[in-house]
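Secondary and tertiary structure notes
In case you want the letters, here they are:
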Amino acid sequence: MSESWPTVALLTFSGGLQDAYSYCVRGKVFANAQTGNIVLMSQCFFAGEWLGGVHYLVPLFAFAFGVFIAEQIRARYAALRAVHWRQLIVLGEILLLFAVGFFPSSMDLAGNALVSFACAMQVQAFRKINGYPYASTMCIGNLRSGVEAFSAYLRTKDSALVKKAGHYFGVIGLFALGAGTGGMLCGQLGLRTIWVCCALLSIGFSLMFLKEDIQENAEIQTAWTHIRTDAAQAEAEARNIGHALSQEIQQQAKELHNPDER
């Protein structure tokens, strides 16, 4: 379910909303687009605006630390049975973003750091949609992959490539929709807008309790049927070979005892 469209839609919409939130109400910092933060940080440092540079540097380090923590959680809790390790990531993200909603404007630096940290955990934990690699909190990689797949389709006419491109363009559209919605809600809810992300992520957390979908189960059943069929055929062939060997041995033994029958 972590790769299914419903979960991906919620995560991607939330990712766009988080970026809009950090930019619109938390001092024009990007929660996800760390390339933009690096550009703005560098401009501040070269202009001698050291405090302004730190304003963008802190979310950058928080994002890197979020990737590190997500990978540690995966390594430590990958075998956990009660919940999936990705659900732990989402639960942690919900708690962090809920706390950020209480931060006043004077704590924008800390708020942006936590949002960037949460975004990094999400992008590290959720990296596939129906088997295709993607990013739920940024668009440049999705745009590249979508255009690449469409270009390959024009050369090969392989319909699977159109489906692949559609996945990527759909993700980009959801991110844009989340960002636009976030921009509108920031004018109404202000600092509390981030709680909308908490609601979306809570739904995603619940969805991941569902088992594999019917198609996946059908594929498993088909594969298992093929395995059993192949095993039965191998067993029948082994019996035939054994029977033939037994007859040959009996014939050779008979010839040894009755040399005149050769």
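Below is a short write-up of the structure. (Residues numbered from 1 in each chain as written. Predicted model: local features only at pLDDT ≥ 70, side-chain atom pairs only at ≥ 80, totals over all residues. Heavy atoms only, no water.)

Attention now moves to the overall build of the chain. Check the secondary structure of the chain and you find nine helices and two strands. Reading the helices (α) and strands (β) of the chain from amino to carboxyl end gives α-α-α-α-α-β-β-α-α-α-α. Counting the 262 residues in the chain, one finds 37% classified as buried. (Helix = DSSP H or I, 4+ residues; strand = E, 2+ residues; numbered from the N terminus. Buried < 20%, exposed > 50% of the residue type's maximum accessible area, 1.4 Å probe, protein only.)

Over its 18 residues, helix H5 (residues 108-125) runs 26 Å from end to end, which matches the ideal 26 Å to within 8%, given 1.5 Å per residue. Burial within H5 is extensive, with 15 of its 18 residues counted as buried. (Expected span 1.5 Å × (residues − 1).)

A word on the pattern of salt bridges. Under the criterion given, the structure shown has three salt bridges. Of the charged contacts, one joins Arg26 and Asp108 as a salt bridge, the two residues approaching to 2.7 Å between their closest N and O atoms. With Arg26 in the loop between helix H1 (5-25) and helix H2 (34-46) and Asp108 in helix H5, this pair connects stretches of sequence that are 82 residues apart. Neither residue differs from the other here; Arg26 and Asp108 are each classed as buried. (Salt bridge = Lys/Arg side-chain N within 4 Å of Asp/Glu carboxyl O.)

Looking now at the nonpolar core. With 44 residues, the main nonpolar core has Tyr21, Ile89, Val90, Leu97, Val115, Phe126 and Tyr134 as its most contacted residues. Each residue touching Val90, except ones within four places of it in the same chain, is listed here: Phe126, Leu201, Phe205 and Met208. (Core = buried A, V, L, I, M, F, W, Y, C linked by side-chain atoms within 4.5 Å. Contact = heavy atoms within 4.5 Å.)

Once that is clear, we can look at the side chain of Gln124. With respect to the element layout, Gln124 can be found in helix H5. Side-chain polar atoms of Gln124 contact the side chain of Glu71, separated by 3.3 Å. (Polar contact = N/O pair within 3.5 Å; in protein donor to acceptor, adjacent residues only side chain to side chain.)

Let us look at the environment of Phe65. Examined against the element boundaries, Phe65 turns out to sit in helix H3 (residues 50-77). Between the C-alpha atoms of Phe65 and Ala118, which are 53 residues apart in sequence, the distance is 9.8 Å.

Tracing the chain through its elements places Val8 in helix H1. The exposure class of Val8 is buried, given its relative accessible area of 0%. For the pair formed by Val8 and Arg127, sequence separation is 119 residues and the distance between their alpha carbons is 9.6 Å.

A few words on a nonpolar patch on the surface. On the surface, Leu143, Val147, Phe150, Leu154 and Phe169 cluster together to form a nonpolar patch covering roughly 440 Å² of accessible area. Counting through the fold element by element, Phe150 comes out in helix H6 (residues 140-156). (Patch = residues over 30% accessible without salt bridge, like charges linked within 9 Å, V, L, I, M, F, W, Y side chains within 5 Å. Areas by Shrake-Rupley, 256 points an atom, 1.4 Å probe, with all protein chains shown as cover.)

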